[in-house]
Amino acid sequence: MQTQILPVDGQSLELAKKIITNGGAVAFPTETVYGLGANAFNTAAVENVFKIKGRPNDNPLIVHVHKDYDLSKLVYDVPEYAQKLANAYLPGPLTMVYKSLGAVSSAVSCGLETLAVRIPSHTGAQNLLRYLDLPVAAPSANISKHVSPTTARHVYEDLKCKIELVLDGGSCAGGIESTVLDCTGDKPVILRSGLITQEMITAVAGECGVYVPKDGERVRSPGMKYKHYAPACRTELFAYCFKEDALEELKRQTAAGVNAFIMCDSATARLLNVDKVLDLGETENDIAANLYAKLREGEQVAELIIAIAPEKQDGVMSGVMNRLKKACGSKL
Ligand code: TXA
Ligand code: MG
């Protein structure tokens, strides 16, 4: 199968609609990462998305809808705090988990009684969703466990010959996946951190928990138990306070003939004065936006990425840390 990369316009939207209504899958841009979308009502189409990605079949998908889609067709018991959060942050990088009416295929939620719903703000995503007027089940458009894609080229690298169409909407401005928020209880609980932070949710909802699975407990967001976002090369992760040790490690590895690179923010790169660096940028938003592209660049150019965690760990950096730890298989 030939894979085309096309800009989002009238012609490519028509092609995307043809593919998706015929049970196929299309990659499309969002403000977080690229998604691989299929008709959420069509079980075979949803199962095919799992197959294309090599995704474990107990890791549920998020349904994407346009901003005027009537959610009461999909979910029930939307609490007042969720309505307030939706008014404040949607469309945007916030996925909300509700009780499912069972209208979409049960393959979407892997048999769970809940449904994760997202209204992306990216114009290309909104145009596609409005053009289809369907709930679109879409995981990130990468091979399962690999680094998520933030450009059409990244999608192509992972899924060429497996899908017909990648809609190209440029580089994703957000760069890490949406915050997944459980809205089935008395208060919101973060299941996956992201660009809509605990602080932002608390400001609107009054309170916000963060789910931490206990040993042996059945995880509430099944995606959490898998290693994710991993580049094809070796990785090591150092806490910010051990950045000098990271530099020593770079020297040691280089002397041993290993092609190693440091990955850190611009200020840390200046401080350490390293030249073999995968520079994540200056601001917190830059760091989130560049993380996956730099991990993918790293696997092309390096045998070993020596990552240094950001100094700050709250707000958006909590999402970045979560991804970094998973990418490096680290418990830091
Ligand atoms: O930003 C994003 O969310 C991107 C773009 C494409 O929208 N999508 C994305 O999808 O990251 P994926 O499949 O890579 O991650 C979905 C996450 C997983 O951790 C999954 O376990 C969780 O959402 N999830 C989905 N449905 C759920 C549900 N009913 N209850 C709890 N967690 C759920
Ligand atoms: Mg993913």
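Details of the sheet that holds strand β16 (residues 304–308)
- The sheet built from four strands is open, its strands ordered β13-β16-β14-β15 with parallel pairing. Of all the strands in the sheet, the pair left with one neighbour each is β13 (234–238) and β15 (277–279). Strand-to-strand, the axes of this sheet are offset by a mean angle of 25°, without reference to chain direction.
- Here β13 pairs with β16 via five bridges, running parallel. Within β16, the residue paired with Phe238 across the bridge is Ile308.
- Strands β14 (260–264), β15 and β16 of the sheet are contacted by helix α9 (residues 284–301), whose axis makes an angle of about 160° with β15.

Looking at the environment of Cys110
- Mapped onto the fold, Cys110 is located in the loop between β6 (94–100) and β7 (114–118).
- Considering only alpha carbons, one finds Cys110 and Glu47, 63 residues apart in sequence, at a separation of 10.0 Å.
- Apart from the residues lying within four places of it in its own chain, the contact partners of Cys110 are Phe50, Asn57, Asp58, Asn59 and Pro60.

Topic: the pairing of strand β11 (residues 189–192)
- Examined bridge by bridge, strand β10 (residues 179–182) and β11 share three bridges and lie antiparallel to one another. Paired with Val180 across the two strands is Arg192, which belongs to β11.
- Of the strand pairs in this sheet, β11 and strand β12 (residues 209–210) are connected by two bridges, and their pairing is parallel. Along β12, the bridge assignment pairs Val189 with Gly209.
- Note on the crossover from β11 through helix α6 (residues 198–205) to β12: the handedness is right-handed.

Some words on the nonpolar core
- Counting residues in each nonpolar core, the largest one holds 45 residues, and the members touching the most others are Leu36, Leu85, Val108 and Ile201.
- Those elements that place two or more of their residues in this core are β3 (35–39), α2 (43–53), α3 (80–89), β6, β7, α5 (152–159) and α6.
- Of the residues forming this core, the biggest block, five residues, is contributed by α2.
- Counting residues in hydrophobic clusters, the runner-up holds 27 residues, among them Phe261, Ala307, Ala309 and Met317.

Overview of the packing of α3 against α6
- Look at α3 against α6: their axes get within 9 Å of each other, and the N-to-C directions meet at 120°. The orientation of α3 with respect to α6, classified from their angle, is oblique. Where α3 crosses over α6, the handedness of that crossing is right-handed. Across the interface between the two elements, Tyr81, Lys84, Leu85, Ala88 and Tyr89 from α3 touch Met200, Ile201, Val204 and Ala205 from α6.

A few points about the domain arrangement of the protein chain
- Examined at the domain level, the protein chain breaks down into domain 1 (4–210) and domain 2 (234–328).
- In this structure, domain 1 and domain 2 have C-alpha centres spaced 28 Å apart.
- The partner domain 2 presents 16 residues to the 23 residues of domain 1 that form the contact.
- The contact between domain 1 and domain 2 buries some 1,400 Å² in all, and 53% of this surface belongs to carbon and sulfur atoms.
- Among the residues of domain 1 in contact with domain 2, Val147, Ile176 and Ser193 are the three that bury the most area, contributing 35% of the side total.
- On inspection of domain 1 and its partner domain 2, the count reaches three salt bridges.
- Arg323 is the salt-bridge partner of Glu177, the closest N and O atoms lying 2.9 Å from each other.
- Taken together, the connections running from domain 1 to domain 2 amount to ten residue pairs in polar contact (both at pLDDT 80 or more).
- Sorting elements by how many residues they give to the side of domain 1 that touches domain 2 places α5 first, with three residues.
- When grouped by side-chain class, the residues that make up the side of domain 1 that touches domain 2 number seven nonpolar, eleven polar and five charged.

Scoring rules and cut-offs
Residues numbered from 1 in each chain as written. Chains lettered and ligands numbered in written order. Predicted model: local features only at pLDDT ≥ 70, side-chain atom pairs only at ≥ 80, totals over all residues. Heavy atoms only, no water. Pairing = 2+ DSSP bridges. Helix = DSSP H or I, 4+ residues; strand = E, 2+ residues; numbered from the N terminus. Axes fitted to C-alpha atoms, helices over the stretch in contact; angles between N-to-C directions. Contact = heavy atoms within 4.5 Å. Right-handed = clockwise from strand over helix to strand, strands pointing away. Core = buried A, V, L, I, M, F, W, Y, C linked by side-chain atoms within 4.5 Å. Buried < 20%, exposed > 50% of the residue type's maximum accessible area, 1.4 Å probe, protein only. Parallel < 35°, antiparallel > 145°, perpendicular 65-115°, else oblique. Left-handed = near helix turned anticlockwise from the far one by under 90°. Domains from an automatic or database assignment. Buried area = accessible area lost by both parts, 1.4 Å probe. Salt bridge = Lys/Arg side-chain N within 4 Å of Asp/Glu carboxyl O. Polar contact = N/O pair within 3.5 Å; in protein donor to acceptor, adjacent residues only side chain to side chain. Nonpolar A, V, L, I, M, F, W, Y, C, P; charged D, E, K, R; others polar.

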